[in-house]
Amino acid sequence: MLFRSEDTMKKLIALLLAVCMVLGLMTTVFAADEKSNDIVILYTNDVHCAVDDNIGYAGLAAYKKEMQAAYNYVALVDCGDSVQGDVIGTLSKGEYLVDIMNEVGYDFASFGNHEFDYTLPQLQKLIDKAKYQYLCCNLTYTAKDGKGLTGYKAYEIKTYGNTKVAFVGIDTPESFTKSTPTYFQDANGNFVYSFAEGNNGADLYNKVQETVNAAKKDGATYVVAIAHLGIDESSEPWRSTDLIANTTGIDVVLDGHSHSTIEMEMVKNKDGKEIPLSSTGTKLVSIGKLTISDGKFTTELVTDYAVKDDATDAFVKSIQEKNEALVNTVVAKSSVDLTTKRADGTRAIRNRETNLGDLCADAYRAISGADIALVNGGGIRADIPAGDITYGQIIKVHPYGNALCVVEATGQEIIDALEWTARNTMSTYSDGENSVGEMGGFLQVSGLKYTIDTTVKSSAKGDDKSMFVSVDGAYRVKNVKVLKNGKYVDIDPKATYTVASHNYMLKDSGDGINMFADNKLLQDSVMLDNQVLINYIKDDLGGTVPASYAAPQGRISIIATPYTDVVDGNWAVEAVNYVTEKNYMKGLNETTFGPNGALTRGMLVTVLYRMAGSPKVEGKVSEKFSDCTDGSWYADAVLWASANKVVDGYEDGTFKPTKSITRQEMAKVLYGYDKIGGKTAEGITEKLTYTDLDAIADWALEAVTYCTAEKYLAGSNGAFSPKGTATRAMGAKVLMNMTKEAA
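Residues numbered from 1 in each chain as written. Predicted model: local features only at pLDDT ≥ 70, side-chain atom pairs only at ≥ 80, totals over all residues. Heavy atoms only, no water.

S.K.: Describe the sheet that holds strand E14 (residues 296–302), listing the residues and the values that go with them.
M.R.: In any sheet, the strands associate via hydrogen bonds between backbone groups, in a parallel or an antiparallel arrangement. With mixed pairing, 6 strands are arranged side by side in an open sheet as E4-E3-E2-E1-E13-E14. Single-partner strands in this sheet number two, and they are strand E4 (133–135) and E14. Taken pair by pair, the neighbouring strands of this sheet meet at an average axis angle of 25 degrees, ignoring direction. Packed on one face of the sheet, helix H2 (residues 56–70) meets strand E1 (36–44), strand E2 (71–78), strand E13 (287–293) and E14 and runs near 155 degrees to E2. (Pairing = 2+ DSSP bridges. Helix = DSSP H or I, 4+ residues; strand = E, 2+ residues; numbered from the N terminus. Axes fitted to C-alpha atoms, helices over the stretch in contact; angles between N-to-C directions. Contact = heavy atoms within 4.5 Å.)

See below:
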């Protein structure tokens, strides 16, 4: 190219430089906007007013902003039970929690059962107040007067680029009994709301399927279920796993209700396709993160996130300050720790008696003057340590704002209530980490004593709304006694007693306890539950809970096994029941197991022989071992054990069937039994770390290594005690460890 003048050339150079600058700026802009087009959906569940616990809402807000900086499409949803569970919720009837969720910037929320706790008119206020959309596809108002809840939707579709995601809300039909049943009824006691609870789960599955189909027809590319169903066995057939197995078209289920921590569990739907299921636990211990990338759904849990959003943190603190003066007011004192837990830290209030349960029940009986008081364990929500008791602590114990009521009831109705609420109670109360056999309706009592025989299978029946119907077989609740003139006497099923509790249970059939709902009402909502407790401590106890409440009063007894010498709380309860049910071991008689009695060589091989199916043997045991008797209880087992090299006799030609066996000898026999099936210690690399390792005999070392690795045997306080005598209880535990997993 020829340039006609120097000026022209300068102009061209300037133009080229300008173009380069523009291109450079454009490159910078594009680089700054290099966000992922993956869709990220953050989720929470069962926060229960934990506004600044664990990660807290300020942490959630910070993490949301972090995601928005990295992704073009970010949503935030909640799977229910956010507005109840602490003072901040109780005093504001959930409104402060909605304010905070608005501040954080939620997009959607499903109802949980506790969203209904402040009455439906109050829930309507929360729905109207929320800047996010409440979703629930299976809640229907069935009356014709148009007075039902409004403002919530079955589903809503959000568009992210070229992808349309439908969010479908689902709430558990257990809301009928795990909130307040009468809230869902008209003035005549007829239910005017439905959660699609009928037909053993089928109605719920069909309702959700209809909604999913409608969302697909409406153009949804994917369907995300925001559910409050949980995975507890007691919630069957309405668990999230049940729902997935009976529907199609849902791409992922984000769940709540059971407080389960599930990072990502794949569950097969009706078509056999695996669907991710996830739940974050409770109280913002983690944040759920769902990523949708090229049609792939991945869930993960974010924990130990310490960053806080300053604006949200300041907002939460401003709301907390509004409650602080009232919350911190001292109203009483306690000389003892009042607890809902056992010594191992697991929750006890829903399957055993506790001292706080006794105190709360006593408060209802004393303030009301009733013969008997009943308080559901699920309504006692927090511990009170020794020292000053504040108003806030009392509200944490009774956060629902229920009110004291008294009814007349027959002895049979009281027995039925006890039977209904003891139906989940098990012989064991925890697995060491979590409570088992719980029920929110488990009754703490005053003026009453009763026994639960867990060896009797519950025959209490309920309807499709989990309301009590009948007891069709033997009662597991026994020895019900009423306090009369300072002494406990047998309850009279035909007599009439006055019963104190709260409106939730006596009037509203809470926890399915409906046997009192139509009874004569003597006192109707006369005082809030937290005030009942305050007044009892102040007026009846002189302002201080005395030392007499240091431990449970012995009002609820548990029969844990068929044997009187293996009682509730014994470490061997589960194992003794297991080996008894499997017929691996028998009691010394019908009522005695002899847990501390020595386990003999004959006993152990007899049990293993039974486990092997009692195969046919040949020969006479007396000809094999000089001290064994033909036809004895151990004869076939000893022949079998010897023939299969499980264990042999001594050099003098004896077997010593009645000789007690040491722990290292037991390990040797158990190892010999497993060798029949081809299992050996070969390949086990774990080294024994017992403090008394040198005391283990050389001939037993391989067997102890094997049994330790297989978790058949374990030491105590770091020691194995190889020469210690094995007991029958130890034998039961070992046999359960050997076989339960396989079973």
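S.K.: Quick one: what's the story with the nonpolar core, residue by residue and with numbers?
M.R.: Formed by 58 residues in total, the largest nonpolar core has its most connected members in Leu608, Met666 and Leu670. Secondary-structure elements contributing two or more residues to this core are helix H15 (573–581), helix H16 (601–611), helix H18 (635–643), helix H19 (663–676), helix H20 (698–709) and helix H21 (728–739). Not counting the four nearest positions on each side in its chain, Met666 is found in contact with Leu599, Leu604, Ile661, Leu713, Ala726 and Val734. Counting 51 residues, the second largest nonpolar core, distinct from the first, contains Leu42, Val98, Tyr193 and Leu284. (Core = buried A, V, L, I, M, F, W, Y, C linked by side-chain atoms within 4.5 Å. Buried < 20%, exposed > 50% of the residue type's maximum accessible area, 1.4 Å probe, protein only.)

S.K.: Give me the side chain of Ser258: which residues, what numbers.
M.R.: Positionally, Ser258 belongs in the loop between strand E10 (252–254) and strand E11 (261–268). The class for Ser258 is buried, based on a relative accessible area of 16%. Of note is the side chain of Ser258, whose polar atom sits 2.6 Å from the side chain of Ser260. When near neighbours in sequence (up to four residues on either side) are disregarded, Ser258 contacts Gly230, Ile231 and Asp232. (Polar contact = N/O pair within 3.5 Å; in protein donor to acceptor, adjacent residues only side chain to side chain.)

S.K.: Describe the sheet that holds strand E28 (residues 556–559), naming the residues involved and giving the relevant values.
M.R.: With mixed pairing, 4 strands are arranged side by side in an open sheet as E24-E23-E20-E28. The sheet is open, and its two borders are formed by strand E24 (487–490) and E28, each paired with just one other strand. Here the strands of the sheet are splayed against their neighbours by 25 degrees on average, with no regard to which way each runs. Judged from the 4 bridges that link them, strand E20 (residues 448–453) and E28 form a sheet pairing that is parallel. Bridge pairing in E28 links Thr451 to Ser557. Helix-sheet contacts for helix H12 (residues 411–421) involve E20 and strand E23 (477–484), and the interaxial angle to E23 is about 130 degrees.

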